[in-house]
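Listed here are the chains, written in short residue letters.
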Amino acid sequence: MSNIENIVARRPAESSQQSLPTLHVEDRDGIVHELEAVEGWRLMEILRDHGVGMVNTCGGALACAECHVVLDAESARRVPPPREEEVEKLDELPMLYENSRLSCQIIWSDEMSGLRLKLAQET
């Protein structure tokens, strides 16, 4: 059982009308995954623990940009803006999109439930 599965399993029982916080991710093959997310985790960690295409060689130290994702327009408005260090690392990428972000720099909060993103194509 992954770390995220352990944490989700320990959560108190939710009423049937409340849903768990979810993240919608389109992988590099075009398959959309609905992932349960944990408050306070980096998006990169959530993706990695669910086995959805995250190698993250640098572990979130802004050294590799392997955790490059593209948020849909609505989701981009719902996350904090990138800091200068993230923008500088994104500028090093050969392919950049309007809502490109590094998933290691976005900390999940349950208010983000429903967030939609795509894994950027490997370069």
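Reading the values: rules and limits
Residues numbered from 1 in each chain as written. Predicted model: local features only at pLDDT ≥ 70, side-chain atom pairs only at ≥ 80, totals over all residues. Heavy atoms only, no water. Pairing = 2+ DSSP bridges. Helix = DSSP H or I, 4+ residues; strand = E, 2+ residues; numbered from the N terminus. Axes fitted to C-alpha atoms, helices over the stretch in contact; angles between N-to-C directions. Core = buried A, V, L, I, M, F, W, Y, C linked by side-chain atoms within 4.5 Å. Buried < 20%, exposed > 50% of the residue type's maximum accessible area, 1.4 Å probe, protein only. Contact = heavy atoms within 4.5 Å. Salt bridge = Lys/Arg side-chain N within 4 Å of Asp/Glu carboxyl O.

1. As for the sheet that holds strand 2 (residues 32-36)
On the basis of which strands lie adjacent, the open sheet formed by five strands has the order 2-1-5-3-4 and mixed pairing. Only two strands of the sheet have a single partner each, and these edge strands are strand 2 and strand 4 (100-102). Between one strand axis and the next, the sheet turns by 35 degrees as a mean value, whatever way the strands run. Strand direction decides the pairing type here: strand 3 (residues 68-71) and strand 5 (residues 115-119), joined by three bridges, are antiparallel. Along strand 5, the bridge assignment pairs L71 with L117.

2. Things to note about the nonpolar core
Inside soluble globular proteins, nonpolar side chains tend to come together where they are buried. L23 and L47 are the most contacted members of the largest nonpolar core, which has 28 residues in total. Of all the elements in the fold, those that place two or more residues in this core are strand 1 (22-26), helix 2 (43-49), strand 3 and strand 5. In this structure L23 touches H33, E34, L35, L43, I46, L47, W108, L115 and L117, once residues within four positions along its chain are discounted.

3. Some remarks on the environment of D29
Along the chain, D29 turns up in the loop between strand 1 and strand 2. Between the alpha carbons of D29 and L119 there is a distance of 9.4 Å; along the sequence they are 90 residues apart.

4. Structural notes on the pattern of salt bridges
In total, this model carries six salt bridges according to the counting rule given. E26 is the partner of K118 in a salt bridge, and the nearest nitrogen-oxygen pair spans 4.0 Å. Residue K118 is located in strand 5, and its partner E26 is located in strand 1; the two are separated by 92 residues in the primary sequence. When its relative accessible area of 42% is taken as the criterion, K118 is described as partly exposed. When the shortest N-O distance is used, the salt bridge between D49 and R48 registers 3.0 Å. With a relative accessible area of 35%, R48 lands in the partly exposed category.

5. Some points on the side chain of K89
Assignment of secondary structure puts K89 in helix 4 (residues 84-90). A relative accessible area of 13% means that K89 is categorised as buried.

6. A look at the environment of P80
Residue position: P80 is located in the loop between helix 3 (73-78) and helix 4. C-alpha separation for the pair P80 and I106, spaced 26 residues apart in sequence, amounts to 7.5 Å. Among residues more than four places away in sequence, those in contact with P80 are R101 and M112.

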